[in-house]
Amino acid sequence: MNSQSFHLAQANFARGRGPVDSPVMAGFAALLDYINSVADRSPGFVWRLQTEDGDSTAIRVFDDPLIIFNMSVWESMEALHDYVYRSDHQEPLRKRRDWFERSDTPSLVLWWVPIGHAPTVEEALERLGLLQTAGPSSEAFTFQKPFPPADSALETEIRPLSGCDTQT
């Protein structure tokens, strides 16, 4: 297999300062549909976790109902990076402290999946656990410490992308 056989999965979570429908989260809730549509139209976007409502805010993966979880798949690290840091996603990213608490542990995890594979919540939680307990590796990494696909025939070094901010 080579890197052309893989897509990049990402999962992240954040603890809201209140329920999604509360006044403190109103600004976030108002932007959610638009930001999801920006992702859906972004070059390199493949898939995102969502309910029939069109987002993942109702999906509970932790016991805490204030934790919002999302997951998506992208053609490449560059495609995801461009969406996160160079699209209209920048605005809510800058305002995230208004809506979400700071996390002392990694809240974003990246990993490679075979093309056509939609990762499961269980898979994402496993990868997040690996990152939180062992740090970045080829199995679970971050923008700052990226890894090529484990089965990649390419021997090129993957470098951190500039302009990344990993703290939620």
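It should be noted that the structure appears before, not after, this text.
Given the structure is predicted, the values throughout are model-derived calculations rather than measurements. (Residues numbered from 1 in each chain as written. Predicted model: local features only at pLDDT ≥ 70, side-chain atom pairs only at ≥ 80, totals over all residues. Heavy atoms only, no water.)

**Quick look at the overall build of the chain**
What the chain contains, in helices and strands, is 5 helices and 4 strands. The N-to-C order of helical and strand elements in the chain reads β-α-β-β-α-α-α-β-α. Relative to its full complement of 168 residues, the chain shows a buried share of 46%. Taking as baseline every contact in the chain between residues at least 6 positions apart, the subset at least 24 positions apart corresponds to 73%. (Helix = DSSP H or I, 4+ residues; strand = E, 2+ residues; numbered from the N terminus. Buried < 20%, exposed > 50% of the residue type's maximum accessible area, 1.4 Å probe, protein only. Contact = heavy atoms within 4.5 Å.)

**Observations regarding the side chain of Ser87**
On the secondary structure map, Ser87 appears in the loop between helix H2 (77-86) and helix H3 (90-94). Looking at Ser87, its side chain comes within polar contact range of the main-chain oxygen of Tyr83, at 2.5 Å. In contact with Ser87, other than residues within four places in its own chain, are Val38 and Asp82. (Polar contact = N/O pair within 3.5 Å; in protein donor to acceptor, adjacent residues only side chain to side chain.)

**Details of the pairing of strand S4 (residues 108-114)**
The buried count for S4 comes to 6 of 7 residues, which makes it a mostly enclosed element. Sheet topology places strand S1 (residues 6-15) next to S4; 7 bridges connect them, and they run antiparallel. Note that in S4 the partner of Leu8 across the bridge is Trp112. (Pairing = 2+ DSSP bridges.)

**What about the environment of Thr133?**
By the secondary structure assignment, Thr133 is in helix H5 (residues 121-134). Measuring from C-alpha to C-alpha, the distance between Thr133 and Pro106 comes to 9.8 Å, with 27 residues separating the pair along the chain. At 2.9 Å, the side chain of Thr133 forms a polar contact with the backbone oxygen of Gly129.

**Regarding the environment of Thr57**
Within the secondary structure, Thr57 sits in the loop between strand S2 (45-48) and strand S3 (67-74). Owing to a relative accessible area of 13%, Thr57 belongs among the buried residues under this scheme. Not counting residues up to four positions away in its chain, the partners in contact with Thr57 are Val20, Phe28, Leu32 and Ile68. A polar atom in the side chain of Thr57 sits 2.7 Å from the side chain of Asp55.

Any functional reading would require information that these geometric values do not contain.
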